[in-house]
Amino acid sequence: MAIQPSVLILNGPNLNLLGTREPHIYGTETLDDIEAACRELAAGLDLEIDFRQSNHEGELIDWIHEARGEHDAIIVNGGAYTHTSIAIMDALSAVALPVVEVHLSNIFRREPFRHHSYVSMAATGVICGFGSQGYLLALQAAARLIDASGDA
Ligand code: DQA
């Protein structure tokens, strides 16, 4: 039996508070709800997923490093580190895996400081503004990217 491709889904600071955190911006679903929806879709796409959240920049960076050789693509919602972390951008570039950046909110309709993303400079593509559905769109994109890399 072929080994299932695997996707690391990383969530940055404050995303553990989803459900109660500014629900008018981020919706009422919890991170557990989003993980459950991702697991259901991943099963249909024949993907394994590893779904994680951390409030600590260094921990996110360690997990990105460990993805090399373990995972075939990374989906990342870096939370506020998106807009500040050159270190996360460098880590994503270093592991050279397909990267799909996701945000629940449309960061371009919000405060100007959210319009710039360091993560985008290391991402294959970006999905934002579709709420929790963005994670499912990102998984579909990751599946396509993994398929395409297998054709090479
Ligand atoms: C976010 C957008 C970021 O600007 C913010 O800091 C977050 C969540 C989103 O999913 O919309 O924490 O990444």
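Provided above is the structure to which this section pertains.
Since we're looking at a predicted model, the values are computed, not measured.

**Some words on the overall build of the protein chain**
Working step 1: Along its length, the protein chain carries 5 helices and 5 strands.
Working step 2: Taking 152 residues into account, the globule formula puts the C-alpha radius of gyration at 15 Å, and the protein chain, at 14 Å, falls close to it.
Working step 3: Along the first, second and third principal axes, the C-alpha set of the protein chain runs to 45 × 30 × 25 Å.
Working step 4: A buried classification covers 45% of the 152 residues belonging to the protein chain.
Working step 5: Looking at the protein chain as shown, the accessible area adds up to about 7,800 Å², and 52% of this sits on carbon and sulfur atoms.

**Quick notes on the environment of R68**
Working step 1: Looking at the secondary structure, you find R68 in the loop between α3 (57–67) and β3 (73–77).
Working step 2: Taking relative accessible area as the criterion, R68 reaches 54% and is therefore assigned exposed.

**Remarks on empty space enclosed by the protein**
Working step 1: For the structure on display, the rule yields 1 cavity of 30 Å³ or more.
Working step 2: Contributing to the lining of the largest cavity are 13 residues, with Y26, N77, G79, H103 and R110 lying nearest its centre.
Working step 3: Counted by class, the lining of the largest cavity contains 5 nonpolar, 5 polar and 3 charged residues.

**A short note on the nonpolar core**
Working step 1: Grouped together as the largest cluster of nonpolar side chains are 24 residues, with contacts concentrated most on V7, I9, C38, I75, Y135 and L139.
Working step 2: Secondary structure elements with two or more residues in this core: β1 (6–11), α2 (31–45), β2 (48–53), β3, β4 (99–103) and α5 (133–151).
Working step 3: The element contributing the most residues to this core is α5, with 6 residues.
Working step 4: If near-sequence neighbours (up to four positions away) are discounted, L139 is found in contact with V7, I9, C38, L41, A42, L45, L47, I49 and I75.

**Here's the deal with the packing of aromatic side chains**
Working step 1: Scanning the model with the defined rule gives 1 aromatic pair in all.
Working step 2: Relative to Y135, the ring of F51 lies with its centre 6.4 Å away and its plane at 35°, an arrangement referred to as tilted. Taken together, the residues F51 in strand β2 and Y135 in helix α5 connect sequence positions 84 residues apart. Of the two residues examined, F51 and Y135, each falls in the buried class.
Working step 3: The ring of W63 has R52 lying over it, and the distance from NZ or CZ to the ring centre is 5.0 Å.

**A closer look at the site of the ligand**
Working step 1: All residues in the neighbourhood of the ligand are listed as R21, Y26, N77, G79, A80, H83, H103, L104, S105, I107, R110 and R114.
Working step 2: One of the side-chain N or O atoms of R21 is found 3.0 Å from an oxygen atom in the ligand.
Working step 3: Calculation on the ligand without its partners gives an accessible area of 320 Å², and the protein chains cover 99% of this total.
Working step 4: Cavity membership is defined here by more than half of the atoms lying within 2 Å of grid points; on that basis the ligand lies in the largest cavity.

Rules used throughout
For every chain, the first residue of the written sequence is number 1, and numbering continues from 1 along that sequence. Where local features are concerned, this predicted model is filtered to residues with pLDDT of at least 70; where side-chain atom pairs are given and counted, the filter is 80 or more; whole-chain, interface and lining totals use all residues. Remark: hydrogens and water are excluded; side-chain values derive from all non-hydrogen atoms of the structure. Strands here are runs of E lasting at least two residues and helices are runs of H or I lasting at least four, both read from the DSSP assignment and numbered beginning at the N terminus. Note that the radius of gyration is over C-alpha atoms, with the globule rule given as 2.2 Å times the number of residues to the power 0.38. Three labels apply to residues, based on accessible area from a 1.4 Å probe with only protein chains included: buried if under 20% of the type maximum, exposed if over 50%, partly exposed otherwise in between. The Shrake-Rupley method, run with a 1.4 Å probe sphere, supplies the accessible areas, and residue values consider only the shown protein chains as cover. The distinction between a cavity and a pocket rests on a 1 Å grid over the protein atoms alone: a 1.4 Å probe fits inside a cavity but cannot get out, while a pocket stays open yet meets protein on both sides within 12 Å along at least five of seven lines, and a residue with an atom within 4 Å of a point counts as lining. Grid points are joined across faces, edges and corners, and a volume is the space filled by probe spheres set on the points. For this scheme, ten residues count as nonpolar: Ala, Val, Leu, Ile, Met, Phe, Trp, Tyr, Cys and Pro. Four count as charged, namely Asp, Glu, Lys and Arg, and the remainder, Gly too, count as polar. Residues belong to one nonpolar core when they are buried, are Ala, Val, Leu, Ile, Met, Phe, Trp, Tyr or Cys, and are joined through side-chain atoms within 4.5 Å. Should any heavy atoms of two residues lie within 4.5 Å, those residues are considered in contact. Between the rings of Phe, Tyr and Trp (Trp by its six-membered ring), a pair exists once the centres lie within 6.5 Å; its type follows the angle of the planes, with under 30 degrees stacked, over 60 edge-to-face, and the other angles tilted. Geometrically, a charge over a ring is one whose NZ (Lys) or CZ (Arg) sits within 6 Å of the ring centre while staying within 35 degrees of the ring normal. The rule for a residue being near a molecule or strand is that one of its heavy atoms must lie within 4 Å of it. Polar contacts, as used here, are pairs of N or O atoms within 3.5 Å; protein pairs need one atom able to donate a hydrogen and one able to accept it. Residues neighboring in sequence count only if both atoms are side-chain atoms. In this description, a molecule resides in a pocket or cavity if more than half of its atoms sit within 2 Å of the grid points defining it.

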